[in-house]
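Close look at the chain arrangement
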Amino acid sequence: MRPKFVAGNWKMYTSLASAKGLAANVAHAFGEDKRVMVAVCPPFPWLTAVAEVLKGTSVLLGGQNCYPEREGAFTGEVSPAMLKDAGCQYVIIGHSERRHGLNEGDEFLNRKAKVALAAGLKVIFCVGELLAEREASKTEAVLDTQLAAGLAGLTTDQMSKVVIAYEPVWAIGTGKVATPDQAQAAHAHIRGKIRGLFGEFTADHVQIQYGGSVKPDNAAGLMSLPDVDGALVGGASLKADQFLAIVNAALG
Ligand code: 13P
């Protein structure tokens, strides 16, 4: 069985004080439940402080991005090794706000995934279609390309450290959540594509999170779908009570 995995993407929100407080509230209320994995992904400057708060708890820590080099003259960038050193177990790669807002392409994201995995991080690799692509019936083709190109060259061993997040771009921050049928169809398609690329075992084990306007009132419906293994939560992860309600919904 695949354990459910709920991750909070705090994006460019929180202050140092509110980030520490949010992490402490999540860790305190979550406790030790082994049936669901929980992670928070704060902005870079708060990572070490949040890592300190999370020390000794079972809440995992992730970065929201990384640069695909081990080190070097890359002003303003952060390497996977630095994230690891700061206490991260995970890094989000390929979020639509970077694909579309910052023009990050498949080949660049593939390099990020490889360097992150080489540094010992696990990867939450985001894929998802634009509204126009969905309306043009291109969802599956877009997902296929993002997966094939983004995960190109990874071994099955590396894939055991990759989580996929399906985030339809039209559902992110809009309050427009995918219907259960839309989510299940996309997740099943993604799992099928992973099966084609990496085989049955990897497909059966890879966790596929849904992201896009996940809230306490829709989380249980989404996460009870057979191919939805958790959630990548934006806005609702900034409120401990809402995030914890989504974590509880993952318990079914
Ligand atoms: P919202 O939950 O705010 O729609 O954001 C989703 C997201 O982008 C998570 O990475």
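Each remark here, short or long, concerns the structure printed above.
Criteria and thresholds
- Residues numbered from 1 in each chain as written.
- Predicted model: local features only at pLDDT ≥ 70, side-chain atom pairs only at ≥ 80, totals over all residues.
- Heavy atoms only, no water.
- Core = buried A, V, L, I, M, F, W, Y, C linked by side-chain atoms within 4.5 Å.
- Buried < 20%, exposed > 50% of the residue type's maximum accessible area, 1.4 Å probe, protein only.
- Helix = DSSP H or I, 4+ residues; strand = E, 2+ residues; numbered from the N terminus.
- Contact = heavy atoms within 4.5 Å.
- Near = heavy atom within 4 Å.
- Polar contact = N/O pair within 3.5 Å; in protein donor to acceptor, adjacent residues only side chain to side chain.
- Areas by Shrake-Rupley, 256 points an atom, 1.4 Å probe, with all protein chains shown as cover.
- Nonpolar A, V, L, I, M, F, W, Y, C, P; charged D, E, K, R; others polar.
- Pairing = 2+ DSSP bridges.
- Axes fitted to C-alpha atoms, helices over the stretch in contact; angles between N-to-C directions.
- Left-handed = near helix turned anticlockwise from the far one by under 90°.
- 1 Å grid on protein atoms, 1.4 Å probe; cavity = no way out; pocket = protein on both sides within 12 Å on 5 of 7 lines; lining within 4 Å.
- Points joined across faces, edges and corners; volume = space filled by probe spheres on them.
- Phe/Tyr/Trp six-rings, centres within 6.5 Å; stacked < 30°, edge-to-face > 60°.
- Right-handed = clockwise from strand over helix to strand, strands pointing away.

Moving on to the nonpolar core. Ranked by internal contacts, the top residues of the largest apolar core, which has 68 residues, are Leu151, Ile164 and Ile194. Element by element, the count of residues in this core is highest for helix H12 (residues 240–250), at seven residues. Leaving out residues up to four positions away in the same chain, Ile164 has contacts with Phe125, Val127, Leu147, Leu151, Ile190, Ile194, Val206, Gln207, Ile208 and Gln209. By size, the runner-up hydrophobic cluster in this structure holds eleven residues, among which are Phe5, Ala7, Ile124 and Leu232.

A few words on the side chain of Lys4. Relative to the elements of secondary structure, Lys4 occurs in strand S1 (residues 4–9). Among all residues touching Lys4, those that are not within four sequence positions of it are Arg35, Val36, Met37, Gln207, Met223, Val228, Asp229, Gly230 and Ala250.

Close contacts around the ligand come from Asn9, Lys11, His95, Glu167, Ala171, Ile172, Gly173, Gly212, Ser213, Leu232, Gly234 and Gly235, and that covers them all. Note that an oxygen atom of the ligand is positioned 3.0 Å from one of the side-chain N or O atoms of Asn9. A distance of 2.8 Å is found between an oxygen atom of the ligand and a backbone nitrogen or oxygen belonging to Gly235. Notes on the ligand: free accessible area 300 Å², of which the protein chains cover 96%. Its residues placed into classes, the shell around the ligand shows three nonpolar, seven polar and two charged.

Pairing is parallel in the closed barrel, where eight strands are placed in the order S1-S2-S3-S4-S5-S6-S7-S8. Between one strand axis and the next, the sheet turns by 25° as a mean value, whatever way the strands run. Sheet topology note: the strand S6 (residues 162–166)/strand S7 (residues 208–211) ladder contains three bridges and is parallel. Bridge pairing links Tyr166 to Tyr210 in S7.

Attention now moves to the packing of helix H1 (residues 16–30) against H12. Where H1 contacts H12, the axes come no closer than 10 Å and their chain directions differ by 35°. Here H1 and H12 pass one another in a crossing that is right-handed. Of the residues in H12, those in contact with Leu22, Asn25, Val26, Ala29 and Phe30 of H1 are Ala240, Phe243, Leu244 and Val247. Its residues placed into classes, the contact of H1 with H12 shows eight nonpolar, one polar and no charged.

Tallied over the entire structure, the rule returns one cavity of 30 Å³ or more. Of the voids in this model, the largest cavity is the one considered here, and its volume is about 30 Å³. Residue lining of the largest cavity: Gly94, His95, Ser96, Arg99, Cys126, Val127, Gly128, Glu167 and Val169, and that is the complete set. Of all the secondary-structure elements, those providing two or more residues to the lining of the largest cavity are helix H4 (96–99) and strand S5 (122–127). A class-by-class count of the residues in the lining of the largest cavity yields three nonpolar, four polar and two charged.

A few words now on the packing of aromatic side chains. On inspection of all chains with the given rule, the structure shows four aromatic pairs. Summarising the aromatic geometry, the rings of Phe5 and Tyr90 are spaced 5.0 Å apart at their centres and angled 50° between planes, so their arrangement reads as tilted. Of this pair, Phe5 sits in strand S1 while Tyr90 sits in strand S4 (residues 90–93); the two residues are 85 residues apart in sequence, bridging distant segments of the chain. As far as burial versus exposure is concerned, Phe5 and Tyr90 are alike and both buried. Seen from their ring centres, Tyr67 and Phe74 are 4.7 Å apart, and the 35° between their planes marks the pair as tilted. Three or more aromatic residues joined by ring pairs form one cluster here, namely Tyr67, Phe74 and Phe108.

Within S1, six of the six residues are buried, which leaves the element mostly enclosed by the surrounding structure. Where burial is concerned, the two faces of S1 agree: the one with Lys4, Val6 and Gly8 and the one with Phe5, Ala7 and Asn9 are both buried. By the bridge criterion, six bridges tie S1 to strand S2 (residues 36–41) in an arrangement that is parallel. Residue pairing for S2: Lys4 is matched across the bridge by Val36. Crossover handedness for the path S1 to H1 to S2: right-handed.

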